[in-house]
Each structure stands twice: as structure tokens, then as C-alpha cells.
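Fold and contact review
This is what each chain is made of:
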Amino acid sequence: MPNKRRWWRFGLTAVLSVALVCSIAFNLLFQIDYTKGVSMAPTLADGQMLVVWRPKAMATLHVDYHAGDIVVAKNESAKLGLKEGDLLVKRLIGLPGQTVGVTRSTVEINGRPLGEPYVVHAMDNVDYAYGGEANGGSYFRTPGYTATTKLTAHQYFLLGDNRPHSADSRWFGPVRQAQLRGKVAAILTLDYQNTPQRLLGNALTAAPFLLVALLILVGSIGRRQPQV
């Protein structure tokens, strides 16, 4: 019996140790975040939880940003009515060095129309406060009008998938790379507004602490076993 208990503790300790290493690695590479609002609908729902690459991990592992990525960016615009530092979840459309053209209903990259299968809610910039101005969309009433943005080094152009209801680079302009806080690695089917689901999602962050506690518990049980 003592030998069986000893092997049982050894096996459980080994499993917990591997899980601890994996959970620490996960938290060094990724963070858990969630959406606020419907600017990324239907791709992301309000409150949908996300696994996001940490910027330092991306730099260390040479993970780059690509067109089409869903990214998290730090707000630095007073036009949004948000606090400085609030995080925005948007889709990366334009990369450094590219020219982004926005017409009344389409997006162009270097003069070529961009295919966007993720956009379900059609864009009509006539009704949009382009440039953060109440009448900014009036320019798009002119046939053929295109708002053009030439991205410099370390600048990115972001748009929400729900174009009629997204404050994005059409409103506040391009963002600097320093504002990017990582890109989405996985979309979780968890709702931050649902308490049990929020706790489940946050358990990924808390896992190292829970596993250390379990290892300590298993070790203490082993020490208390009577010798036969």
C-alpha cells in the first residue's frame, strides 16, 4: 500500500508539474481580454473573450502583424469620448508603407479594392462622422470621392467589421505601432458578461497559482501519510 500511494503521488505530482509549466508558458505568451460593444460584429459579440498575444512575446518570437489580423490597440484620441489608455479591438486593414483609400462603400489598398468577407453590415460613409467631424461624411456624396491615407513607417489603419457602428481609423486616423497591444490568437466562446463563463476564462490566467497550491497540497498529504 505505501508503494502504491507513493506512485500515485509521484504520478499526480508529475501531471501537475507539466500543467504548471504549460500554464506559465501560456501566461508569458498570451493574455485574456474581451470586447466592449458591437463594432466587430458579427465576427465578435459584445463581451466575447479573447486570447491575445502579448507584444513582448510577439517581439521575442518574431510574430508579426498582418493585414486581416484582429488587434487590440490603446486609444490616444480625444475624439472617441473614451479615457486615454482604453483598449479598442479592431481589424488591421493597412500596413506601414501602404496607401489606404476609403470610398463611400469600399476600401482600397494601393489602389486595389480589398475583399472583405468578414464585413456583413455594409459601409456607407455618407452617414459616418469621418475624421471625427459631424458632417465628415458629406464629402462622400461627391461621385468617385476617395479619402486617402498614406501610412508611414510604424503606422497601421484599423477598421471595425461593423462599419456603420465602429469608431476606427476613419474617425481618429492611423495608429502607431506603439499603440498596438497584441493581436488575437484565439476567439473563445465565452461571454465576459456571464459570471460563470468569465470565471472560466479568467481561470486560464489564475491556473499557475491554482496548480502551485495543488502541488503544495499533494506534497503535504504525502508527508502526513503514516509509515507502515
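Coordinates for the structure precede this section.
Residues numbered from 1 in each chain as written. Predicted model: local features only at pLDDT ≥ 70, side-chain atom pairs only at ≥ 80, totals over all residues. Heavy atoms only, no water.

Moving on: the sheet that holds strand 7 (residues 112-113). Remark on secondary structure: sheet strands pair via backbone hydrogen bonds, oriented parallel or antiparallel. With respect to topology, four strands assemble into an open sheet ordered 7-6-5-8, the strand pairing being antiparallel. The open sheet is flanked by strand 7 and strand 8 (147-150), the only strands paired with a single partner. Relative to strand 8, strand 5 (residues 99-102) runs antiparallel, the two sharing four bridges. Of the residues in strand 8, the one forming a bridge with Val-102 is Ala-147. (Pairing = 2+ DSSP bridges. Helix = DSSP H or I, 4+ residues; strand = E, 2+ residues; numbered from the N terminus.)

Examined against the element boundaries, Gln-98 turns out to sit in the loop between strand 4 (87-94) and strand 5. Residue Gln-98 is classed as buried on the basis of its relative accessible area of 18%. Ignoring any residue separated from it by four or fewer positions in sequence, one finds Gln-98 in contact with Ile-93, Ile-109, Asn-110, Thr-149, Lys-150 and Leu-151. (Buried < 20%, exposed > 50% of the residue type's maximum accessible area, 1.4 Å probe, protein only. Contact = heavy atoms within 4.5 Å.)

Turning next to the nonpolar core. In summary, soluble globular proteins display a tendency toward joint burial of nonpolar side chains. Tyr-65, Val-71, Leu-92, Tyr-156, Leu-158, Val-175 and Leu-180 are the most contacted members of the largest nonpolar core, which totals 19 residues. Among the secondary structure elements, those contributing two or more residues to this core are strand 1 (30-34), strand 2 (48-53), helix 2 (55-61), strand 3 (70-74), strand 4, strand 9 (155-159) and strand 11 (180-191). When residues no more than four places from it in sequence are discounted, the contact partners of Tyr-156 are Tyr-65, Leu-92, Gly-94, Leu-95, Pro-96, Leu-151, Ser-169, Pro-174, Val-175, Gln-177 and Leu-180. If you look at the next biggest cluster of nonpolar residues, it comprises 15 residues, including Val-100, Ile-109, Tyr-128 and Leu-151. (Core = buried A, V, L, I, M, F, W, Y, C linked by side-chain atoms within 4.5 Å.)

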